[in-house]
Amino acid sequence: MRRILVGVSGASGMPLAGTVLRELAGRGDVEVHCILSAAARTVIAAECDETPEELLACAHHVHDPEDLAAGPASGSWWHDRRCSGMLVVPCSMGTVGALASGATRTLLHRAADVALKESFPLVLVVRESPLSEIHLRNLLRLRKAGAVVMPFSPGFYLRPKTLEDMLRQTCARILDQFGLEHDVRGWDASPRTVTV
Ligand SMILES: Cc1cc2nc3c(=O)[nH]c(=O)nc-3n(C[C@H](O)[C@H](O)[C@H](O)COP(=O)(O)O)c2cc1C
């Protein structure tokens with residue numbers, strides 16, 4: 001059983017957070033821990049028909065974002081539980097700034113800080129546009145510190161027809177980062193048979 005910690009911060013993209021949480025929890029081979037920031041609750045209300053509690057219902061463990069004594073705040077929790085890493089989806093520029101500066105005040109920030117210092121995988125599915133110089137510098141700093149920075153950026157070469165298609169495709173790219181199998185195909189660059 002693998003363990004993945006999913007942070008949900010207050011950026012736009014809550015339908016993607018729901019897709020990823022349901023996919024991870026529904027596989028049967030991943031124990032899903034989740035931390036929802038206070039701002040994420042506001043964004044869920046703006047973007048989703050479901051409540052934060054409904055979105056979190058599939059997670060196996062939900063941690064209070066204000067509880068800095070919770071397990072994920074400590075490096076030993078990560079090692080003892082053999083965590084596979086942490087994902088922040090969607091990841092706001094506020095959270096990016098906190099992580100890049102090391103000034104972590106919530107459990108979500110502290111857990112991501114621990115992932116970096118203990119060299120566990122940290123995947124940040126960032127969402128903001130346009131990006132300021134401050135955002136770009138913070139993202140570069142986090143990349144250099146070992147985080148994977150994945151903008152929420154679906155490819156159109158797979159001809160998505162629905163929002164659901166785009167969410168599943170992005171979710172599959174996130175699973176790739178953790179070496180988890182899925183059935184969403186990627187770009188196949190092999191030559192095509194052209195009928196004339
Ligand atoms: C509806 C809504 C959408 C937002 N979308 C974004 C976004 O896409 N990217 C971002 O960086 N901040 C966004 N914000 C602002 C963040 O929620 C705000 O900076 C917050 O303090 C982030 O806190 P957190 O990182 O602790 O969750 C949005 C806020 C609201 C209310």
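Let me begin by describing the structure that accompanies this report. Remember, it's a predicted structure, so these values are computed and weren't measured experimentally. (Residues numbered from 1 in each chain as written. Predicted model: local features only at pLDDT ≥ 70, side-chain atom pairs only at ≥ 80, totals over all residues. Heavy atoms only, no water.)

### Describing the sheet that holds strand β1 (residues 2–8)
What the six strands build is an open sheet, ordered β3-β2-β1-β4-β5-β6; its pairing is parallel. Two strands bound the open sheet, and with one partner strand each, they are β3 (61–63) and β6 (148–149). Here strand β5 (residues 122–126) runs beside β6; their pairing, made up of two bridges, is parallel. From the neighbouring strand, Leu124 faces β6, where its bridge partner is Val149. (Pairing = 2+ DSSP bridges. Helix = DSSP H or I, 4+ residues; strand = E, 2+ residues; numbered from the N terminus.)

### Quick word on the pattern of salt bridges
Applying the stated rule across the entire model yields twelve salt bridges. We note a salt bridge from Arg22 to Glu50, for which the minimum N-O separation is 3.5 Å. Here Glu50 lies in the loop between α2 (38–47) and α3 (52–56) and Arg22 lies in helix α1 (residues 14–27), a separation of 28 residues in the sequence. In this structure Arg22 comes out as partly exposed when scored by relative accessible area, which is 43%. Through salt bridges with shared partners, a single network forms among Arg3, Glu31 and Arg81. (Salt bridge = Lys/Arg side-chain N within 4 Å of Asp/Glu carboxyl O. Buried < 20%, exposed > 50% of the residue type's maximum accessible area, 1.4 Å probe, protein only.)

### Some words on the pairing of strand β2 (residues 30–36)
Walk down a regular strand and you will see the side chains alternate between the two sheet faces. The buried fraction of β2 amounts to seven of the seven residues, a majority that puts the element mostly inside the structure. Burial along β2 is two-sided: Val30, Val32, Cys34 and Leu36 and Glu31, His33 and Ile35, pointing in opposite directions, are all buried. Bridge count between β1 and β2: seven bridges; the pairing is parallel. Across the sheet, the residue bridging to Val6 is Cys34, located in β2. Assessed by its sense of winding, the connection that carries the chain from β1 through α1 to β2 is right-handed. (Right-handed = clockwise from strand over helix to strand, strands pointing away.)

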